[in-house]
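A structural walkthrough
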Amino acid sequence: MLLAFAILSWGAESEQRKIGKRLDAAATVLGEIMITPDKAIPGPVLKEAKCIVVVPGIVKVALGIGARRGKGVATCRTTSDWSAPAPVGFREGSVGFQVDGKSVDLIMLVMNLDAANRLLSSTLKIGGDVSGTAGPVGPNVSNNPEWRNSEILSYSKSRGAFAGIDLKGAALKQDKSATIGLYGRYIPFGSILSGKVRPPADSATFLTAISKYTRKALGG
C-alpha cells in the first residue's frame with residue numbers, strides 16, 4: 001500500500017511539473033511572437049479577443065500525411081482581468097506540410113462570445129462549431145476589417161520548415177489530467193475560464209505575459 005501511494009504521489013507531482021513547464025513555455029511563445037515586428041498580433045485584434053489559447057510545440061504524430069497534436073493552455077477575459085488558465089489538448093487534421101518532425105507554436109484568439117461559450121463547454125471544433133482563419137498582421141489592420149468576421153484567428157511560429165497551418169478540422173478539448181495536476185482536483189473548463197477559480201502560483205508567468213500584451217493593446 002505504501003508503494004502504491006508513493007507511485008500515485010510521484011505521478012501527481014510529475015503532472016504538476018509538466019503543466020508548470022507548459023505554462024512557462026506558453027508565456028515564452030506569446031512573448032516571442034509579440035516581439036517579432038512582422039508577425040506580432042496587432043493591438044486592435046488583441047484588444048477584441050475574448051479568449052487566448054497558446055499551444056507550444058505542436059508536432060505531427062505520423063510520417064507523411066498525419067494529424068498534429070499538442071498541449072496548451074487557455075484563458076478568457078473576466079470582469080476584472082483574465083481567468084486562471086485551463087489546460088487544453090489540441091488535435092488537427094492532416095493538412096499543411098512539416099519537415100523532420102519539427103514543431104509549431106500556435107496562438108489562437110477566440111473573437112466572439114458564441115465561440116467563447118463553445119470553448120467553455122470543454123470541447124471546440126474549428127470548421128464545425130466555429131470558423132477559423134489565419135490572423136492578420138501589420139499596422140493597418142483597422143483598414144481591413146474582414147478579420148472581424150472570423151470566430152477564431154490563429155498565429156503560428158515554426159521552429160522548422162512549415163508551409164502554413166490550416167485549422168479546419170482542428171479540435172480543442174480540456175486536458176483533464178493536467179487540470180488535476182495544476183489544481184489538485186478536477187475542475188470543469190467553464191468554471192476555470194469564467195473566473196470562478198483562483199489562479200495557481202504556477203500560472204503567474206503566463207498570466208503576467210497575457211496581461212502585459214493585452215494592456216498594451218488597450219493603451220495601458
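For the structure itself, consult the block above.
Now for a quick tour of the structure. (Residues numbered from 1 in each chain as written. Predicted model: local features only at pLDDT ≥ 70, side-chain atom pairs only at ≥ 80, totals over all residues. Heavy atoms only, no water.)

Turning to the environment of Lys71, a few remarks are in order. Looking at the element boundaries, Lys71 is found in strand E2 (residues 68-76). Along the primary structure Lys71 and Gly89 are separated by 18 residues, whereas in three dimensions their C-alpha atoms are 4.6 Å apart. With residues near it in sequence (within four places) discarded, Lys71 still touches Arg22, Val55, Pro56, Val88 and Asp175. (Helix = DSSP H or I, 4+ residues; strand = E, 2+ residues; numbered from the N terminus. Contact = heavy atoms within 4.5 Å.)

Turning to the layout of surface pockets, a few remarks are in order. Unoccupied space between atoms shows up once a probe the size of one water molecule is rolled over them. If you add up the space inside the largest pocket, you get close to 220 Å³. Lining the largest pocket are twelve residues, and of these Lys39, Val137, Tyr155, Ser156 and Lys157 lie nearest its centre. If you list the elements that add at least two residues to the lining of the largest pocket, you get helix H1 (2-34) and strand E7 (152-158). Looking at the lining of the largest pocket, the element that brings in the most residues is E7, giving four residues. Split into classes, the residues belonging to the lining of the largest pocket amount to five nonpolar, four polar and three charged. (1 Å grid on protein atoms, 1.4 Å probe; cavity = no way out; pocket = protein on both sides within 12 Å on 5 of 7 lines; lining within 4 Å. Points joined across faces, edges and corners; volume = space filled by probe spheres on them. Nonpolar A, V, L, I, M, F, W, Y, C, P; charged D, E, K, R; others polar.)

This part is about the side chain of Asp105. Position of Asp105 relative to the elements: it lies in strand E4 (residues 104-110). A polar contact of 2.8 Å, which involves the side chain of Asp105, links it to the backbone nitrogen of Gly57. (Polar contact = N/O pair within 3.5 Å; in protein donor to acceptor, adjacent residues only side chain to side chain.)

For helix H3 (residues 113-120), the complete set of buried residues consists of Ala115, Ala116 and Leu119. Taken end-on, H3 shows its buried residues confined to a sector of 100 degrees, consistent with a single buried face. Residues of H3 that are exposed and point more than 90 degrees away from the buried face comprise Leu113 and Asp114. Backbone geometry just after H3 places Ser122 at a positive phi near 95 degrees. (Buried < 20%, exposed > 50% of the residue type's maximum accessible area, 1.4 Å probe, protein only. Arc of directions from axis to C-beta.)

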